[in-house]
Structures are given as structure tokens and as C-alpha cells.
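Okay, here's what each chain looks like letter by letter:
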Amino acid sequence: AALDRLAAWLERVDRYDDDRDAPAVEGTSSLSAALRFGLLSPRHVLAVVGDHTPGRAGFSRQLAWRDWYAPLTADLPHIARRAIRPEYDAAGWRHDPADLAAWQEGRTGYPIVDAGMRQLAATGWMHNRVRMIVGSFLVKDLLIDWREGERWFRHQLVDADIPQNAGNWQWVAGTGTDAAPYFRIFNPVAQSRTHDPRGAYIRRWVPELAGLPDAAVHAPWEARPLDLAAAGVVLGETYPHPVVDH
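All residue numbers here refer to positions counted from 1 along the written sequence of the relevant chain. Local features are withheld for residues below a pLDDT of 70 in this predicted model, meaning they are given only at 70 or higher, and side-chain atom pairs are given and counted only at 80 or more; totals for whole chains, interfaces and linings count all residues. Side-chain measures were taken over the full set of non-hydrogen atoms in the model, leaving aside hydrogen atoms and water.

Quick word on the overall build of the protein
Item 1. Each helix and strand counted, the protein has 13 helices and 0 strands in total.
Item 2. By definition, any uninterrupted DSSP run of H or I lasting at least four residues is a helix, any uninterrupted run of E lasting at least two residues is a strand, and each is numbered from the N terminus. Ordered by position from the N terminus, the helices and strands of the protein form the series α-α-α-α-α-α-α-α-α-α-α-α-α.
Item 3. Our radius of gyration looks at C-alpha atoms and nothing else; its globule reference is 2.2 Å times the residue count to the power 0.38. For the protein, the C-alpha radius of gyration of 19 Å lies close to 18 Å, the compact-globule estimate for 246 residues.
Item 4. Across its three principal directions, the C-alpha atoms of the protein cover 55 × 45 × 30 Å.
Item 5. For the protein, the share of sequence-separated contacts (at least 6 apart) that also reach a separation of at least 24 residues comes to 67%.
Item 6. Under the convention used here, a 1.4 Å probe and the Shrake-Rupley method define accessible areas, while residue burial counts only the protein chains that appear. Here the protein has roughly 11,900 Å² of accessible surface; of this, 54% comes from carbon and sulfur atoms. Contacts between residues were defined by any pair of non-hydrogen atoms, one from each residue, lying within 4.5 Å.

Now the structure itself:
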């Protein structure tokens, strides 16, 4: 089955650079679980895919980025427990079980965040761009410790792997090896409008907003009352108000 999935990826990989960030499009390989459990080796995947087109070269770089976290974790076995840059363990994280639960359950009032968390709950997988958006939202908007997100993902993802999971959470939180720490903040609405402009991903996973116009589905609190009424959306009842002002 993993080999069949790899063969199917060859039909789409040349569009990788164009499609990889669009969560409504099947633009990524879906090989993460096979790689995590050793059903496919990254060397074999690279040998089959090659790097002779821009899409294939871009995908190959992601394979290398993925592998990089393994030796990093061998050097830093505490990667899931402590910040790679220890000064950031002094951050004053908020302990807010209600906000954490709203994030986990996909009811933050931010449609792209809620769509991602609901996709995770339903399928055990989440699109990579959306993983970055929901991660940034937890850490930078809700100011909740990245370790809470790492633990939740580790127990929800079918491709959960401590080096990948903890390394990428530290990347999002700015506590890791990256050159852009705390000041990298993803705007969830701007990300949504850029990468899901027609709202197809949101409509799939947050169906209570499906009737809103494209311009309104990314930020329903900004929608005209007539549009909300026509779509059957009552903020605070059928869909929550935003839990925080970004």
C-alpha cells in the first residue's frame, strides 16, 4: 500500500511547489506515516522521485529537512521536554484549560484553526501548512506552552514521531534552532485567505460556515449581518466568537 501511494505521488509531485500550501488540494505526498513506521525509507523515496524538476527538488528538500530532526534528537534527547534554546524555558506561558480545550476541539472561532483541529480529530492527520497555523495560534495567540501542543499532536497524529513533532513545535514556538524566534507570528485570517482563498478546506471541516460567501468564511465576525443570516450562522450559538483578538 505504501508503494502504491508512492507511485500515485509521482503523478502529482511535479506540481508540489504550486500545490503544497493549499490544504483543499491533494498537493502533498501523504507518505508521512509510511516514512515514520519505516514502510518506506527516505532514500528509496528520493531514488524514485528524483530532483530533476522544481517540484521534485522542493519535495527532496523536505525529505532532508525531515531527516535532520533525527540526529538533532539524538544529540538533544530532551527535545520534547525542554527548549532547545534554554533561555526560552523561562517564558511565562498561560495555563488556561478552557482555551486549550477550545483549541483541541476546534472551537476557537478562527475557521482555519478549527478546520485543522477537526481534520486532525477525524483523520489522525493534518495538512502541513495548517499544522504551522494551528501551532502558531496555540503558542503566539493563546500564549499556551508549546509542549501542550506537542503532547496533543503526539497522541492524535498517525504519523506522530517525537523528533518530527517536537522539532517542528519548537520551530513554531521559536524555542529551537531557527533564526526567527518569538517574532514569527502567523496571522490565521491572512493565512486562510492566502492558502484557502475560496474557503473549500474550511467548508469541508467547519460545515456550519459553508453558506458564507468566500470573502466572509475566513473571519465570520467581520461578515455582514445579512450574510450571516442567509448562511444560518449565529455567532456565539452555531459558531463561537473568537476566543482571542489576534
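Let's talk about the nonpolar core
Item 1. We define a nonpolar core as any set of buried Ala, Val, Leu, Ile, Met, Phe, Trp, Tyr and Cys residues linked to one another through side-chain atoms lying within 4.5 Å. In this scheme, a residue with accessible area under 20% of its type's maximum is buried, one over 50% is exposed, and one in between is partly exposed, where area comes from a 1.4 Å probe on protein chains only. In terms of nonpolar packing, the biggest core is built from 48 residues, with W103, V113 and F153 touching the most fellow members.
Item 2. Mapped onto this core, the elements with two or more residues apiece are α5 (54-75), α6 (97-105), α7 (111-123), α8 (128-141), α9 (146-156), α10 (162-173), α12 (200-205) and α13 (225-231).
Item 3. For W103, the contacting residues outside a window of four places in its chain are T108, V113, M117, V134, F137, L138, L142, G149, W152, F153 and W169.
Item 4. Among the nonpolar cores identified, the runner-up in size contains 13 residues, and A2, W9, A34 and L40 belong to it.

Quick word on α6
Item 1. Looking only at α6, the buried set comprises D99, L100, A101, A102, W103 and Q104.
Item 2. The secondary structure elements touched by the buried residues of α6 are α7, α8, α9 and α10.
Item 3. At the exit of α6 stands G106, carrying a positive phi of roughly 70°.

Quick look at the packing of α7 against α9
Item 1. Look at α7 against α9: their axes get within 9 Å of each other, and the N-to-C directions meet at 35°. Facing M117, L120 and A121 of α7, the residues of α9 in contact are W152, F153 and Q156.
Item 2. Note on residue classes: Ala, Val, Leu, Ile, Met, Phe, Trp, Tyr, Cys and Pro are nonpolar, Asp, Glu, Lys and Arg are charged, and everything else, Gly too, is polar. By residue class, the composition of the contact of α7 with α9 is 5 nonpolar, 1 polar and no charged. Note on definitions: angles span 0 to 180 degrees between N-to-C directions of axes, and those axes are lines fitted to C-alpha atoms, for helices only across the stretch in contact.

So, the environment of T177
Item 1. With respect to the element layout, T177 can be found in the loop between α10 and α11 (188-195).
Item 2. Owing to a relative accessible area of 46%, T177 belongs among the partly exposed residues under this scheme.
Item 3. C-alpha separation for the pair T177 and Q104, spaced 73 residues apart in sequence, amounts to 26 Å.
Item 4. In this view, T177 contacts W68, L72 and I84; residues no more than four positions away in its chain are not counted.

With respect to the pattern of salt bridges
Item 1. Any carboxyl oxygen of Asp or Glu within 4 Å of a side-chain nitrogen of Lys or Arg constitutes a salt bridge here. Enumeration according to the criterion identifies 17 salt bridges in this entry.
Item 2. Here D96 and R94 are joined by a salt bridge, their closest N and O atoms 2.5 Å apart.
Item 3. The partner of E105 in a salt bridge is R107, and the shortest N-O contact between them spans 2.6 Å.
Item 4. For E105, a relative accessible area of 47% translates into the label partly exposed.
Item 5. We classify R107 as partly exposed; its relative accessible area is 37%.
Item 6. Shared partners join several salt bridges into a network, and the residues in it are D89, D145 and R147.

A short note on the packing of aromatic side chains
Item 1. Think of it this way: a Phe, Tyr or Trp ring, Trp meaning its six-membered ring, pairs with another when their centres are within 6.5 Å, and the plane angle makes it stacked under 30 degrees, edge-to-face over 60, tilted otherwise. Per the stated rule, a full pass over the model turns up 12 aromatic pairs.
Item 2. Centre to centre, the rings of F153 and W169 are 5.2 Å apart; their planes meet at 80°, and the pair counts as edge-to-face. A residue pair is termed long-range when its members are at least 10 positions apart, and F153 in helix α9 and W169 in helix α10 qualify at 16 residues.
Item 3. Among the aromatic side chains, those forming a connected cluster through ring pairs are W9, Y16 and F59.

Remarks on the environment of L40
Item 1. Tracing the backbone through its elements, the reader meets L40 in the loop between α3 (32-36) and α4 (42-49).
Item 2. Exposure remark for L40: the relative accessible area of 3% places this residue in the buried category.
Item 3. Expressed as a C-alpha distance, the spacing of L40 and A2, which sit 38 residues apart in the sequence, is 6.9 Å.

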